[in-house]
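Spelled out from the first residue to the last, the chains are:
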Amino acid sequence: MSTVNALPLALQPWQTWLQLFETDIAVTLGELLLRLDPLMGRGQVQVPAVSAVHDGLGGIDRRGPYERLLLSEWGLADAAPDEFLRRAAAGEHLFLAPRAVERQTDAVVVGLFDAGPLQWGAPRLVQVALWILLARRARTQRARFLWGMAHLPGALSEAQDASALLALLHARTPLMADDSQWQAWTDHLQQTHGKGERWWCGGQPATALACTHQALTRSGIDRQLQVRLGRRGSERVLQLSVPTTAAAARLLRGEFRGAPAGQRVAAHGAHRFSRQQRPIFSLDGQRVVVPLLGSPRACQVNVPTGNRVQHRRKLIRYHEWSTGMQLLGGLMVGKEFCGVLASQQFLRFWKLPGLPTQVRERPPGSVMTVRPGLPQWMQGALVHASQRGAPARELLLLDHGGHLLGWTAKDGPRPVADQVVALQQVSAESVLYARFEAGVLQVGALNAGGARNISWQLPLPHRPKAVWLARRGTGDDGVLVAAHFQEGGRWACRMVVFGVGRSPEQSDVSLWQDWRPQGLVAGEGGQQPDRLLVLRADRRALLAAGKDGPEMLYTSASDIGSVSVSVDGTRVAVVDLAGNLKVLGDGGRVELLTLHGSEEAHG
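Description of the structure in this document. This structure is a prediction, so every number in the text was calculated from the model and none was measured. Numbering of residues starts from 1 in every chain and runs along the sequence as written. Whole-chain, interface and lining totals are the exception, using all residues; otherwise, since this is a predicted model, local features are given only for residues with pLDDT of at least 70 and side-chain atom pairs are given and counted only at 80 or more. No hydrogens and no water enter the side-chain calculation; it runs on all heavy atoms of the structure.

Focus: the pairing of strand 18 (residues 393-398)
Burial classification: accessible surface area is computed with a 1.4 Å probe over protein chains only, and a residue below 20% of its type maximum counts as buried, one above 50% as exposed, and the rest as partly exposed. Counting from the N terminus, the helices are the DSSP runs of H or I reaching at least four residues and the strands are the DSSP runs of E reaching at least two. By the criterion of burial, strand 18 is predominantly enclosed, with five of the six residues buried. As judged from the six bridges shared by strand 17 (residues 379-384) and strand 18, these two strands associate in the antiparallel manner. Within the sheet, the bridge partner assigned to valine 383 lies in strand 18 and is glutamate 394. Strand pairing is defined by DSSP finding a minimum of two bridges between the two strands. What sits between strand 18 and strand 19 (residues 404-407) in their antiparallel hairpin is a turn of five residues, with glycine 402 showing a positive phi close to 85 degrees.

Re the packing of aromatic side chains
The pairing test for Phe, Tyr and Trp rings, Trp by its six-membered ring, is centres within 6.5 Å, and the orientation test on the planes gives stacked under 30 degrees, edge-to-face over 60, and tilted for anything in between. Overall, the coordinates contain 13 aromatic pairs when judged by the stated rule. Between tryptophan 74 and phenylalanine 84, the ring centres sit 5.9 Å apart and the planes meet at 25 degrees, which makes this aromatic pair stacked. A residue pair is termed long-range when its members are at least 10 positions apart, and tryptophan 74 in helix 4 (residues 71-79) and phenylalanine 84 in helix 5 (residues 81-89) qualify at 10 residues. A relative accessible area of 39% places tryptophan 74 in the partly exposed class. Given the relative accessible area of 11%, phenylalanine 84 is considered buried. Look at tryptophan 321 and tryptophan 377: their rings are 6.3 Å apart centre to centre, the planes differ by 80 degrees, and that puts the pair in the edge-to-face class. With a gap of 56 residues between them, tryptophan 321 in the loop between strand 12 (316-320) and strand 13 (326-333) and tryptophan 377 in the loop between strand 16 (360-361) and strand 17 connect regions that are remote in the sequence. Residue classification places tryptophan 321 among the buried residues on the basis of a relative accessible area of 10%. Owing to a relative accessible area of 17%, tryptophan 377 belongs among the buried residues under this scheme. Among the aromatic residues, ring-to-ring pairing joins Tyr66, Trp74, Phe84 and Phe95 into one connected group. For a lysine, the NZ atom is tested; for an arginine, the CZ atom; a charge sits over a ring if that atom is within 6 Å of the ring centre and within 35 degrees of the ring normal. Here the guanidinium or amino end of lysine 465 rests over the ring plane of tryptophan 491, the centre of that ring lying 5.2 Å away.

A closer look at the sheet that holds strand 11 (residues 297-302)
Strands sit in the order 9-10-11-12 across an open sheet of four strands; the sheet is antiparallel. Every other strand in the sheet has two partners, leaving strand 9 (280-281) and strand 12 as the edge strands with one partner each.

Digging into the pairing of strand 28 (residues 490-499)
Of all 10 residues in strand 28, seven are buried; the element is thus mostly enclosed. Across nine bridges, strand 27 (residues 479-487) lies against strand 28 in antiparallel orientation. The residue bridging leucine 480 from the neighbouring strand is valine 497, located in strand 28. If you look at the hairpin formed by strand 27 and strand 28, you'll find two residues sitting between the two strands, and glycine 488 has a positive phi there, around 65 degrees. Counted along the chain from strand 28 to the antiparallel partner strand 29 (residues 502-509), the turn is two residues long, and its residue glycine 501 has a positive phi close to 75 degrees.

Purely geometric stuff here, so don't read any function into it on its own.
Here's what the structure looks like:
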């Protein structure tokens, strides 16, 4: 039975939001809603009187002008005039009814929530209830509902889905908002949302905030919640018993509908993630780096493991490079984000272990091709020596012209291969690469200081648009290759598994028009064969495509900007146009982490 059908009649006004939860959680929240709603008072949003406009057809009605009379009724007038007149006299004629649509207004209801220590625990349940009450209050007044966290001035969201509530629940800051933050909020609201209600939902009055309403919640020593709620200066007081049910505990943990124990959600942040550059995973998949828009900085997120939510300081790190140099290529080496910086005449290795940081002369264009304006960084890998006589470490960099170049501590660049279309590091000692020549995709392995012979070949009718490489076995066994190419006027994708002592296993994957392959993901539970990760044409969903058809993995409320897959195929990083970074586990089937960034001007 669905949550909506199981709700008591008194809770039906909030069914839009309560259906996000299991029934027992919805009922627990409903008790708070019924106690708090009478104290909210009448809405103060000034909405101009606007008439509904007609937009298309909305159905069939028994009243209306005869210009909208159904054709079947006119046919009756020709075939049986007396019956036509009788139906007219009895009001039985059927007319096309226009659809009435209310005009959008500029009115807003703004809710600011305190994430400080006074609101941790049981008061956060009241905040969730207030969030639902304000969302419905805005809807009934034909206004927009905007909400944000007090310690992040200017960051307002319109999101009203489960991920938004999870972000509210898990927002944490050890400090109370200060006067400078209140002033920043006041200035922002006056400039952008001058008219409407402004609600402060916290533990103590915000004297420096220009709010119209307050909802102050404090935990008492008698296991009671003291709530002061209403228009500022005329609040009413209510005492609530602290909910002690298992449903309340699950709600505080963010388990709305039996969410997996591994799910982790981070707080809101002031990040402006780039949606053009793909996120970069570390080799073990435990860390992911995303560049920030408009600055020489990148945000590194440590993906939580186990059942404990990490503190924000342990969750996020920042990396910053010189403003006077361009980051040509970025890569993860262990726990550190590193890269290659370039100016007009020089190169500098940035935080790359084993390679000196002194400035080197930039190779000429005939050796290294750099195409200005491309949003994607060059692919790179730092490999360690696996045999005597080889350099301790070698940096491999794939430039924009398909040239694979190598640098060591003493020399470089060394031409490694040309016409290269893919580079993938699979371990600290080796990488896989693919080059296309004379209608054949050639795949080989590289290590520090040398290259092994081409081990695998895949004939293709045309040069591939993209190639993905992976190794699921040991050594040369279990090498997986996927190529996206055009054949017979349509786009096709071919997946091949190469193994030692066995014939290649080849399969063609059928894709709908405008589906965009993104990489290779592991099968469910790691027990099934790898599949092709595909971005749907509307950019709102990720699917796993294989020879047995597509599997829906993840749907997004906003358009997806960029996608990246970890080396082992078990984790997927997604940056959407709403400014969120999501990390998915089990090949994209389970949400592990959500980091809410800024919604402003992503690019």
